[in-house]
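Structural overview for review
Here's the letter readout for the chains.
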Amino acid sequence: LSLGFSVAAVKEDIERILTNETADFGHYGGFMIRLAKNCAGTYRTEEGRGGCDGARIRFEPENSWEDNAGLNEMLDLLRPIKAKHEGLSWGDLIVLAGSTAIESMGGP
């Protein structure tokens, strides 16, 4: 199965941006996990819509929901990675950012 991008290369790029002096406790991991959770958390079983497919968290009205405050900064950090990896969807990038953050902080 060819995704059109290297998952390992995307994860390496994400790992490079996680550690940063300006982040809370020097790491953006918590914010990336929150971004992935909030993106996926919009799934509606009644309609089979929402979730991180399409990464609608980038757009109104989800973008301005109070629970998503501060997540635009994380999207801005991910933009160069998205631009670098042809074929990588926003949904895949956001979910990979969350899982890579968990792994980088010692999670499973």
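Before reading further, recall that the structure is shown in the block above.
The sections below set out a description of the structure shown in this document. What you are looking at is a predicted structure, and each value in this text was computed from that prediction instead of being measured.

Some thoughts on the state of the cysteines
Per the counting criterion, the structure on display carries one disulfide. Across the disulfide, Cys39 is cross-linked to Cys52 (sulfur-sulfur distance 2.3 Å). Of note, the bridge from Cys39 to Cys52 carries an S-S torsion of about 100° and is right-handed in sense. With Cys39 in helix α2 (residues 29-40) and Cys52 in the loop between α2 and α3 (71-84), the pair connects residues that are 13 residues apart, well separated along the chain. Assigned by exposure class, Cys39 and Cys52 land together as buried.

Focus on the packing of helix α1 (residues 7-18) against α3
The contact between α1 and α3 brings their axes to 10 Å, and the two run at 160°. If you check the angle between α1 and α3, you find them roughly antiparallel. The chirality of how α1 crosses α3 is right-handed. When α1 is examined against α3, the residues Val10, Asp13, Ile14 and Ile17 are found in contact with a partner set consisting of Leu77, Leu78, Ile81 and Lys84. For the contact of α1 with α3, the per-class residue count stands at six nonpolar, no polar and two charged.

What counts, and at which threshold
Residues numbered from 1 in each chain as written. Predicted model: local features only at pLDDT ≥ 70, side-chain atom pairs only at ≥ 80, totals over all residues. Heavy atoms only, no water. Disulfide = S-S within 2.5 Å. Helix = DSSP H or I, 4+ residues; strand = E, 2+ residues; numbered from the N terminus. Buried < 20%, exposed > 50% of the residue type's maximum accessible area, 1.4 Å probe, protein only. Axes fitted to C-alpha atoms, helices over the stretch in contact; angles between N-to-C directions. Parallel < 35°, antiparallel > 145°, perpendicular 65-115°, else oblique. Left-handed = near helix turned anticlockwise from the far one by under 90°. Contact = heavy atoms within 4.5 Å. Nonpolar A, V, L, I, M, F, W, Y, C, P; charged D, E, K, R; others polar.

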